[in-house]
Every structure is written in C-alpha cells, then in structure tokens.
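Residue-level listing of the chains:
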Amino acid sequence: GHGYVAGDVADVCEVKTADGHTLRALGVIVTVPIGVLREDNTTESRIEFDPPLSQEKRDAIKFLGGGCHNKVCMRFKRRFWQPTVRFFNTTQEAFQFMNLHAFDPDHCRNILVAHSFGAYKWDGKSDQQVLDEVMGVLRAMFTRSRCGEAGETAGERIAKTIEPPIQWVVTRWDTDPFSLGSYAFWKKGGRALEDNVALSSPEPFSHDNSQRSKVFFAGEATSAFGAQCVHGAAHSGVRAASEVVASVFNMTHLHPTWAGDDSDEVMEWRDKLLD
Ligand SMILES: Cc1cc2nc3c(=O)[nH]c(=O)nc-3n(C[C@H](O)[C@H](O)[C@H](O)COP(=O)(O)OP(=O)(O)OC[C@H]3O[C@@H](n4cnc5c(N)ncnc54)[C@H](O)[C@@H]3O)c2cc1C
C-alpha cells in the first residue's frame, strides 16, 4: 500500500507501510509498475522516497508511459466459432479476438479473449457495458462471416443464437491503482532506451562508487532488452538481486551467472548471504 522508502537511515533502508509497519533492510528492491512511480500518482499505491529520487530517475519516470492494454476474457457454454483458428480480427478497431480454445482445448475450453489497445479506453463504462460492446462486435462478425455460406437470413439467425458468456472478466490495468498502466512505452521527447537504463540504476547513484546504493529497481520498465515483457521483468529481478549483493558486500563485479556457479569464491559469497 501507500509506502515510504528512506535510503539514508544509518546504513539501512526503512520501508514504512500504509498499515503502520516499519521494515529495515540493507537494500530495498522497488518493482512497482512505471505508472505507480509517477509523481502525479495520488492513489493508494503512491510511494514517497526520502531522500527524493535523483533528477535523472525522475526524468526517466516522466518519459516512460504506462500504456493501456486490456482484455475481456469470456467462457461460453457453447462454442460458436471455428475451433482451430487462433485469432479473429475485424474492421472494428476496439477489439481483437484471441481464441484460447485453439491454444489449449483441454484447459481453455470455449474461451475467447478480446484484446483492446491504447486508443479505446473503457474508463467510465461498467463491466456489463464493456461486455455488451464486445458481444455486439462478435455477433456482427459471425453474422457476416456465415452470410456467405448460408445466406443472410441464416447468418442473422446464427448471430442471434450467440448467448452471453457464462463467466467473464473485464481487466482495468490502466486505472487499477496498483498498475496504472499495462506496460511501459517511450514517450515523445524522451530518451527511449536511455530512460529504461536510467530507471534501472540504483539510488543513491554515484559514478565513483563513493556512496553505497541502497534502493534498487526492477520490473519490465527497467529492462533495456525486454521492456514491456515478462522475460524483461524476470531478468531485471536477477540483475537487481546481483546489484544488492554487490552493494552489501562492497563488490564492484559480480559473476553474472553466480547462481549456477559452485566455485569456492561464489560458495563463499553464498555462505555470507545465508548468514
Ligand atoms: C493485457 C496485457 C497483455 C500482456 N501480454 C504480454 C505478452 O503477451 N507477453 C509478455 O511477455 N508480456 C505481456 N504483458 C506484459 C507483462 O504482463 C508485464 O511486462 C509483466 O507482468 C511486468 O512484470 P513486473 O513484475 O514488472 O510488474 P507487475 O507484474 O505489474 O508487478 C508489479 C507488482 O507491484 C505491486 N504494487 C504496485 N504498487 C505497489 C505498492 N505501492 N506497494 C506494494 N506493491 C505494489 C502490484 O500489485 C504488482 O503485484 C501484458 C500485459 C498486459 C496488461
């Protein structure tokens, strides 16, 4: 929840949580989405940093957007579409459909996912209104696609028999206070990859190693080669963990694959860590 990270209390960091707990540690890894870090975030997820983040970091936060990509996941009682076609598209731009049934009919039986990107936002609409729009598009698509086969009357009849889903979920990643966006993008006027790199650098950041870094950053937006994606988020976690180890043990170099390395040197580090 609403938190507070202090990087300058003796040699430790303090994290104060919204429910009144204080945690102390030699290092803290911040992995919240870029939207949560924004200075204008006034929701319950807001985090205050003391001392404040460097100007470079704040610039990076300003020039990386959160983006909007949402989904409506729907499980139907009866499948009314072709079982093996993976994607359905239409000239209606708000929704693009993924047929999960085709990917895994055993576990995703009769499930369609409507993807919706950036330009179409459903803030202000209820979940039911969003679902009604999706169903309207599906009915229109399947009416037309069957017309060629069976004639207009039969096509319309098929569309009318498409029943609403028996289970459904509407995501709201752009407005959910703990996401405030779907994944990072480069804003106009920013420095592109350099912003991802600046976001990833630890704080306080000293080019000459004169100060020990205590607050570290991970998450997809901090990844220079995998931003927006799960693999970028995962790799950034490994990178940040390595930075913490290097900072705590005052090491300038860390074996990049130390986790799978059983050399004496790495074993010594591991024992220290486990202590
Ligand atoms: C619709 C959609 C489709 C996608 N499709 C793909 C795809 O096909 N392939 C792909 O690789 N990636 C895809 N992604 C992107 C992928 O989901 C993300 O890149 C990845 O989940 C990011 O992981 P993360 O750990 O950086 O952030 P997150 O998974 O967002 O984790 C951040 C965590 O921080 C928590 N948090 C937020 N604020 C606070 C706070 N103040 N205090 C404590 N905790 C907080 C949140 O609750 C959350 O658990 C998609 C994303 C969306 C939204």
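Up top is the structure these notes are about.
Here's a quick rundown of the structure. (Residues numbered from 1 in each chain as written. Predicted model: local features only at pLDDT ≥ 70, side-chain atom pairs only at ≥ 80, totals over all residues. Heavy atoms only, no water.)

**Some details on the nonpolar core**
Then comes step 1: Membership of the largest hydrophobic core comes to 23 residues, with the highest contact counts inside it found for Val72, Met74, Phe95, Phe97, Val134 and Leu138.
Then comes step 2: Of all the secondary structure elements, the ones that give two or more residues to this core are β7 (69–75), β10 (111–117) and α4 (127–150).
Then comes step 3: At eight residues, α4 tops the list of elements feeding residues into this core.
Then comes step 4: When residues no more than four places from it in sequence are discounted, the contact partners of Leu138 are Met74, Phe76, Phe80, Phe97, Leu112 and Ile162.
Then comes step 5: Val30, Leu37, Leu64 and Leu199 belong to the second largest nonpolar core, which has 18 residues in total. (Core = buried A, V, L, I, M, F, W, Y, C linked by side-chain atoms within 4.5 Å. Buried < 20%, exposed > 50% of the residue type's maximum accessible area, 1.4 Å probe, protein only. Helix = DSSP H or I, 4+ residues; strand = E, 2+ residues; numbered from the N terminus. Contact = heavy atoms within 4.5 Å.)

**A word on the site of the ligand**
Then comes step 1: In the vicinity of the ligand lie 19 residues, with Ser45, Gly219, Glu220, Gln228 and Val230 positioned nearest.
Then comes step 2: Here Gln228 contributes a backbone N or O atom positioned 3.0 Å from an oxygen atom of the ligand.
Then comes step 3: Between Val230 and the ligand, the recorded distance is 2.9 Å, taken from a backbone N or O atom to an oxygen atom.
Then comes step 4: With the chains in place, 60% of the 1,000 Å² that the ligand exposes on its own is no longer accessible.
Then comes step 5: The set of elements that each furnish at least two residues to the shell around the ligand consists of β7 and α7 (230–248). (Near = heavy atom within 4 Å. Polar contact = N/O pair within 3.5 Å; in protein donor to acceptor, adjacent residues only side chain to side chain. Areas by Shrake-Rupley, 256 points an atom, 1.4 Å probe, with all protein chains shown as cover.)

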